[in-house]
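Descriptive structure summary
Here is what each chain is made of, one letter per residue.
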Amino acid sequence: MEESTQEIIGKDNSNYLPVFSRYQIVLDRGEGVYLFDTEGNMYLDFLAGIAVNVLGYDFKPLVATISEQAKLLIHCSNLYYTRPQAEAARKLVELSGLDRAFFGNSGAEANEGAIKVARKFAHSIDKNKSKIITALDSFHGRTLATLTATGQPHYHEGYEPLPGGFEYVKFNDIDALEKLVDDQTCAVMLETIQGEGGVHPPNPDYFRKVRELCDKHRALLILDEIQCGMGRTGKFFAYENYGIKPDVVTLAKGLAGGVPIGAFICTDEVANSMKPGDHGTTFGGNPLACAAANVVLDTISQKSFLDHVAEVGKYFKEKLVELQQKFPDLIRDVRGEGLLLGAELSKPGRRVVELCMKRGAIINCTVGNVLRFVPPLIVEKDQIDELVEILFMSLNDFSEEG
Ligand SMILES: *Cc1c(COP(=O)(O)O)cnc(C)c1O
């Protein structure tokens, strides 16, 4: 007999490390932009595994490629070459305008690699050039170095001693950054658009000035595009919106459409500080993950696909602004680019997420009061209308609950 929903939840509750506060449903399968639970309920999904399922669910070319690659070769050591990895690296180099790509298995690993390559490069100039400046309210991952890079103290608590050399600055505050950057600065590491920290886009000329400060002090600019890259803003990389290029950029989340992967891409100048043996990975960039990434990259890098994201993103943002006008006391701000949008509430938002779920939509709330929308990039306008209607009714319920 099949296990019931309650049995599955009970089994997980007694065996899995209790680090997530989970919603009480068991997800089973997906189709397009919809998810289904074990009770047969259907959900319009505007979270997409946190910006991971960029092509939605059951995207035929992705499923076919993964199945074919699984038959051929799931994994082999990085001591040998594979066709999917060579091809995925070529694509990332071409799309970024940078020179060298390296694959890991997650966002944290991608950032960890970016930090390592930056330190090697900076130490080749001056062995004291170690300082890495990151932003307050940033999010860079959960390994010790990346959680230290994360400018939110509550992620650090209890894990001390933390790796040294990290300093924090207010995002979007160029004067504060100018005071902190000096010749001992190894890198400035920023999300191009802050995601977990509450969906904060940069001021229009912020990155141009950050780039200038980095150049002046020979500090590297590392951009974490794990959440905002992969076409999410309507450009392949979010930095393309601001007319600059980083020295190192990281990707993960959407890169293989749901198969675990991460990558950093850097210039030759930075890459040349690494020799054989200086970094490595067992699983990273294996043929299964890279074959999946190749399908995603081919699909998303099409101009027509990126234009679709920009167009539906603009439409969605307009709808959220209209909603803000209907709930002026509740919705404080609507912000974001493309399909990385946030609605800041004047109250905690978890209850709104629950109310939406009851009405058949999955959304997310970050930093307590920012509703975050990161749907699959294939989402259409009528599905946005459906979400906005559910959100409207849920906000009504929420207001009535008081
Ligand atoms: C999700 C995320 C990470 C961490 O990725 P993991 O795969 O969870 O390790 C890092 N940076 C940003 C901007 C992210 O959104």
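The rules behind these values
Residues numbered from 1 in each chain as written. Predicted model: local features only at pLDDT ≥ 70, side-chain atom pairs only at ≥ 80, totals over all residues. Heavy atoms only, no water. Salt bridge = Lys/Arg side-chain N within 4 Å of Asp/Glu carboxyl O. Helix = DSSP H or I, 4+ residues; strand = E, 2+ residues; numbered from the N terminus. Buried < 20%, exposed > 50% of the residue type's maximum accessible area, 1.4 Å probe, protein only. Core = buried A, V, L, I, M, F, W, Y, C linked by side-chain atoms within 4.5 Å. Contact = heavy atoms within 4.5 Å. Pairing = 2+ DSSP bridges. Expected span 1.5 Å × (residues − 1). Polar contact = N/O pair within 3.5 Å; in protein donor to acceptor, adjacent residues only side chain to side chain. Axes fitted to C-alpha atoms, helices over the stretch in contact; angles between N-to-C directions. Patch = residues over 30% accessible without salt bridge, like charges linked within 9 Å, V, L, I, M, F, W, Y side chains within 5 Å. Areas by Shrake-Rupley, 256 points an atom, 1.4 Å probe, with all protein chains shown as cover. Lys, Arg positive; Asp, Glu negative; His and termini not counted. Charge placed at Lys NZ, Arg CZ, Asp CG, Glu CD. Near = heavy atom within 4 Å. Parallel < 35°, antiparallel > 145°, perpendicular 65-115°, else oblique. Left-handed = near helix turned anticlockwise from the far one by under 90°. Nonpolar A, V, L, I, M, F, W, Y, C, P; charged D, E, K, R; others polar.

Here the focus is the pattern of salt bridges. Taken as a whole and judged by the stated rule, the model has 29 salt bridges. The closest approach of N and O atoms between Asp-12 and Arg-22, which form a salt bridge, is 3.2 Å. Of the two residues, Asp-12 is situated in helix H1 (residues 5-15) and Arg-22 in the loop between H1 and strand E1 (27-31); the sequence distance between them amounts to 10 residues. In this structure Asp-12 comes out as partly exposed when scored by relative accessible area, which is 28%. The partly exposed category is assigned to Arg-22, whose relative accessible area is 40%. Linking Arg-100 and Asp-268 is a salt bridge whose minimum nitrogen-to-oxygen distance equals 3.3 Å. Separated by 168 residues along the polypeptide, Arg-100 in strand E4 (residues 100-104) and Asp-268 in helix H9 (residues 268-271) bring together distant segments of the chain. Residue Asp-268 is classed as partly exposed on the basis of its relative accessible area, which comes to 31%. Taken together, the shared-partner salt bridges in this structure form one network comprising Glu-87, Arg-90, Lys-91, Glu-94 and Asp-298.

With that settled, the discussion passes to the nonpolar core. If you look at the biggest cluster of nonpolar residues, it comprises 99 residues, and the most contacted ones within it are Val-210, Ile-300, Phe-316, Phe-373 and Leu-391. Setting aside residues up to four positions removed in sequence, Ile-300 forms contacts with Val-54, Leu-55, Met-230, Gly-231, Phe-236, Phe-305, Leu-306 and Leu-377. Core analysis: the next-biggest nonpolar cluster, separate from the first, contains 20 residues, Ala-114, Met-189, Val-248 and Ala-271 among them.

So, on to the sheet that holds strand E13 (residues 361-362). The strand order E1-E2-E3-E13 describes an open sheet built from four strands, whose pairing is mixed. Edge strands, defined here as strands with exactly one partner in the open sheet, are E1 and E13. For strand E2 (residues 34-37) and strand E3 (residues 42-45), the ladder comprises three bridges, and the chain directions are antiparallel. Opposite Phe-36, over in E3, you have Met-42 as the bridge partner.

So, on to helix H5 (residues 107-125). For H5, spanning 19 residues, the distance from its first C-alpha to its last is 28 Å, which sits close to the expected 27 Å at 1.5 Å a residue. Along H5, the residues that are buried comprise Gly-107, Ala-108, Ala-110, Asn-111, Gly-113, Ala-114, Ile-115, Val-117, Ala-118, Arg-119, Phe-121 and Ala-122. Between a side-chain oxygen at the N-terminus of H5 and the backbone nitrogen of Glu-109 the separation is 3.2 Å; the capping residue is Ser-106.

Strands sit in the order E11-E12-E15-E14 across an open sheet of four strands; the sheet is antiparallel. The outermost strands of the open sheet, each flanked by one partner alone, are strand E11 (331-337) and strand E14 (364-366). Looking at each pair of strands side by side, their axes are set apart by 25° on average, direction ignored. Note that strand E12 (residues 340-345) and strand E15 (residues 370-373) share four bridges and pair antiparallel. Bridge pairing in E15 links Ala-343 to Leu-371. Here helix H11 (residues 303-326) sits on the sheet in contact with E11, E12 and E15, set at roughly 175° to E11.

Bringing a negative patch on the surface into the picture now. There is a patch of like negative charges on the surface, built from Glu-380, Asp-382, Asp-385 and Glu-386. Topologically, Glu-386 is positioned in helix H13 (residues 381-401). Given the relative accessible area of 32%, Glu-386 is considered partly exposed.

In this section: the site of the ligand. Taken together, the neighbourhood of the ligand is formed by Ser-106, Gly-107, Ala-108, Asn-111, Phe-139, His-140, Gly-141, Glu-191, Asp-224, Ile-226, Gln-227 and Lys-253. With respect to the ligand, the backbone of Phe-139 contributes an N or O atom lying 3.2 Å from a nitrogen atom. Take Asp-224: an N or O atom from its side chain is 2.7 Å from a nitrogen atom of the ligand. Within the complex, 82% of the 380 Å² of free accessible area of the ligand lies under protein. In terms of residue count, the dominant contributor to the shell around the ligand is H5 (three residues).

What helix H12 (residues 350-358) keeps buried is the set Val-352, Val-353, Leu-355, Cys-356 and Met-357. On the buried face of H12, the contacting elements are E3, E12, E13, E14, E15 and H13. Two residues or fewer past H12, Gly-360 is found with a positive phi of approximately 95°.

Let us look at unusual backbone geometry. At the junction of Glu-160 and Pro-161, the peptide bond is cis and its omega measures out at 0° in the coordinates. Structurally, Pro-161 is set in the loop between helix H6 (144-149) and strand E6 (166-169). In this structure, Arg-218 is a non-glycine residue whose phi angle is positive, near 50°. Looking at where Arg-218 falls in the secondary structure, it is placed in the loop between helix H8 (206-216) and strand E8 (220-224).

As a further point, take the environment of Phe-283. Relative to the helices and strands, Phe-283 is located in the loop between H9 and helix H10 (287-300). With relative accessibility at 54%, the residue Phe-283 sits in the exposed group. Distance from Phe-283 to Asn-78, taken between C-alpha atoms, is 8.1 Å for residues 205 residues apart in sequence. Residues in contact with Phe-283, not counting those within four places in the same chain, are His-75 and Asn-105.

Packed helix pairs are specified by the crossing angle of their axes together with the interaxial distance, meaning the distance between the axes. Remark: H12 packs on H13, axes separated minimally by 9 Å, with the N-to-C direction vectors making an angle of 125°. If you check the angle between H12 and H13, you find them oblique. For the pair H12 and H13, the crossing hand works out as right-handed. Judged by residue contacts, Arg-351, Val-352, Leu-355 and Cys-356 of H12 engage Ile-390, Leu-391, Ser-394, Leu-395, Asp-397, Phe-398 and Glu-401 from H13. Among the residues forming the contact of H12 with H13, the class breakdown is seven nonpolar, one polar and three charged.

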